[in-house]
Amino acid sequence: MSTLKTYFNWSTGKDSALALHYLMQDENYSIAHLLTSVNQQHNRVSMHGLRRELYQLQIDALNLPYSTIELPEQPSMQEYEILMEKEVSSLQQQGFTHAAFGDIFLEDLRKYREQQLSALNIKSVFPLWKKDTRELLNEFIDLGFKSILVCIKADLLDQEFSGRIIDADFIKDLPPNVDVCGENGEFHTFCFDGPIFNKPVPFEIGEKVYREYQAPETDADTCSTQPAKSKSGFWFCDLLPVKNS
């Protein structure tokens, strides 16, 4: 039986890493490409704020083909969809039939992804779907993965969580209203070691910066963005690549 040629929507974080690990163990899928959205203006991975240099080091340690979607600063949903469609169409022409994601339980997001990709004859794969997030994170740690918090939502987590390594103590210290995997956007991570890497990704911790962004209202069915009503604050932990490591 031939394997399904699959590209992975790579966020650089822990859920992506564990989902990729699952699929690499599954003989039904052949992971042949990683796709990542990058803020072109700041040269950083979207949402996570990770420097492009560290993203490149991570990709080198994964040793997989890759490409990026170069996004403008705060793109509209229409701009995002046009750029995404262009890249996915290119992958589809290269024989890719499936796209994988690290999502766990966001129903509206899954529905949106499936609708967008089905129009391009690409099927979606969600290897972590509906799994218990506490069990997932414990498995992540037990497998030897290592990750660090690079972005936290300020109204849910104290500044001290920014830059923390994910371990058993981290799980114990999380407030009860925060999902242990941050599936509701409470935090984002950078995965720097684990069984899918051929070597650890070296980095140094830089400054911690607080930033506020307009919080748009999003239509769950269409993902259209409405005028913002409020601001959301985030703490970012800047990670610096280690040269000559």
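Position labels on residues start from 1 in each chain and follow its written sequence. The model is predicted, so local features are restricted to residues of pLDDT at least 70 and side-chain atom pairs to those at 80 or more, both for listing and for counting; the totals for chains, interfaces and linings are taken over all residues. The basis for every side-chain value is the complete set of non-hydrogen atoms in the structure, without hydrogens or water.

In DSSP terms, a helix is any run of H or I states spanning at least four residues, a strand is any run of E spanning at least two, and both are numbered starting from the N terminus. For the protein, the helix and strand inventory stands at 6 helices and 10 strands. Along the longest, intermediate and shortest principal axes, the C-alpha atoms of the protein span 45 × 45 × 40 Å. Throughout, exposure labels follow a simple rule: accessible area from a 1.4 Å probe, protein chains only, divided by the maximum for the residue type, with under 20% read as buried, over 50% as exposed, and the rest as partly exposed. Counting all 245 residues of the protein, 45% fall into the buried class. A contact between two residues is defined here by any heavy atoms of the two lying within 4.5 Å. Counting only contacts in the protein whose residues sit at least 6 apart along the sequence, the fraction spanning at least 24 positions is 71%. Here the open area of atoms and residues is found with the Shrake-Rupley method and a 1.4 Å probe, where only the protein chains shown may cover a residue. When the accessible surface of the protein is split by element, carbon and sulfur atoms take 46% of a total near 12500 Å².

UniProt positions are given in the numbering used here, feature names are shortened, and annotations may be inferred rather than shown by experiment. Within the UniProt annotation, "domain: Diphthamide synthase" (unreviewed entry) is assigned to residues 6-204. The span residues 6-204 carries 34% helix and 23% strand; its end-to-end C-alpha distance comes to 33 Å.

Residue ranges for the domains originate in an automatic or database domain assignment. In terms of domain boundaries, the protein breaks down into domain 1 (4-125) and domain 2 (133-241). Distance between the C-alpha centres of domain 1 and domain 2: 18 Å. The interface is formed by 36 residues belonging to domain 1 together with 39 residues belonging to domain 2. Summed over both partners, the accessible area lost on bringing two parts together, with a 1.4 Å probe, is the buried area. For the pair domain 1 and domain 2, the summed buried area comes to about 3100 Å², and 65% of that belongs to carbon and sulfur atoms. Here, a salt bridge means any side-chain nitrogen of Lys or Arg that lies within 4 Å of a carboxyl oxygen of Asp or Glu. Our enumeration of links across domain 1 and domain 2 arrives at 2 salt bridges. With a shortest N-O distance of 3.0 Å, D238 and R44 are connected by a salt bridge. We define a polar contact as two N or O atoms separated by no more than 3.5 Å, with the added condition that, inside protein, one atom must be a possible hydrogen donor and the other a possible acceptor, whereas residues neighbouring each other in sequence contribute only through side-chain atom pairs. Here domain 1 and domain 2 share 12 residue pairs in polar contact (both at pLDDT 80 or more) between them. Sorting the residues of the side of domain 1 that touches domain 2 by element identifies α1 (14-24), α2 (52-62), α3 (77-93) and α4 (107-118) as the ones contributing at least two each. Ranked by residues supplied to the side of domain 1 that touches domain 2, first place goes to α1 with 8 residues.

Here we take up the confidence of the model for the protein. Parts of the model with low pLDDT should not have their predicted coordinates read in detail. Per residue, pLDDT measures the predictor's confidence, with a range of 0 to 100. Averaged over all residues, the pLDDT of the protein equals 92, while 93% of them reach at least 70. This stretch, residues 217-228, has a pLDDT under 50; its non-local contacts, to residues over four places away or in other chains, come to 21 contacts.

Side-chain rings of Phe, Tyr and Trp, where Trp is taken by its six-membered ring, are said to pair if the distance between their centres is within 6.5 Å; with planes under 30 degrees apart they count as stacked, over 60 as edge-to-face, and otherwise as tilted. Inspection of every chain in the model, using the stated rule, returns 14 aromatic pairs. Ring centres of Y7 and F96 lie 6.2 Å apart, and the angle between their planes is 75°; on these two criteria the pair is classed as edge-to-face. With a gap of 89 residues between them, Y7 in strand β1 (residues 4-9) and F96 in the loop between α3 and β5 (98-100) connect regions that are remote in the sequence. Judged on exposure class, the residue Y7 and its partner F96 are both buried. Centre to centre, the rings of F190 and F203 are 6.0 Å apart; their planes meet at 80°, and the pair counts as edge-to-face. One end of the pair, F190, is in strand β8 (residues 187-193); the other, F203, is in strand β9 (residues 203-218), with 13 residues separating them in the sequence. Each residue in the set F101, F126 and W129 is aromatic and connected to the rest through ring pairs, giving one cluster.

This model, assessed by the stated rule, comprises 8 salt bridges. Between D103 and R113 there is a salt bridge, with the nearest N and O atoms lying 2.6 Å from each other. Of this pair, D103 sits in the loop between β5 and α4 while R113 is found in helix α4, placing the two residues 10 residues apart along the sequence. For the pair formed by D103 and R113, the shared burial category is buried. Residues E107 and K130 are paired through a salt bridge, measuring 2.8 Å at the closest nitrogen-oxygen approach. You can see E107 sitting in helix α4 and its partner K130 sitting in the loop between β6 (123-125) and α5 (133-142), a full 23 residues away along the chain.

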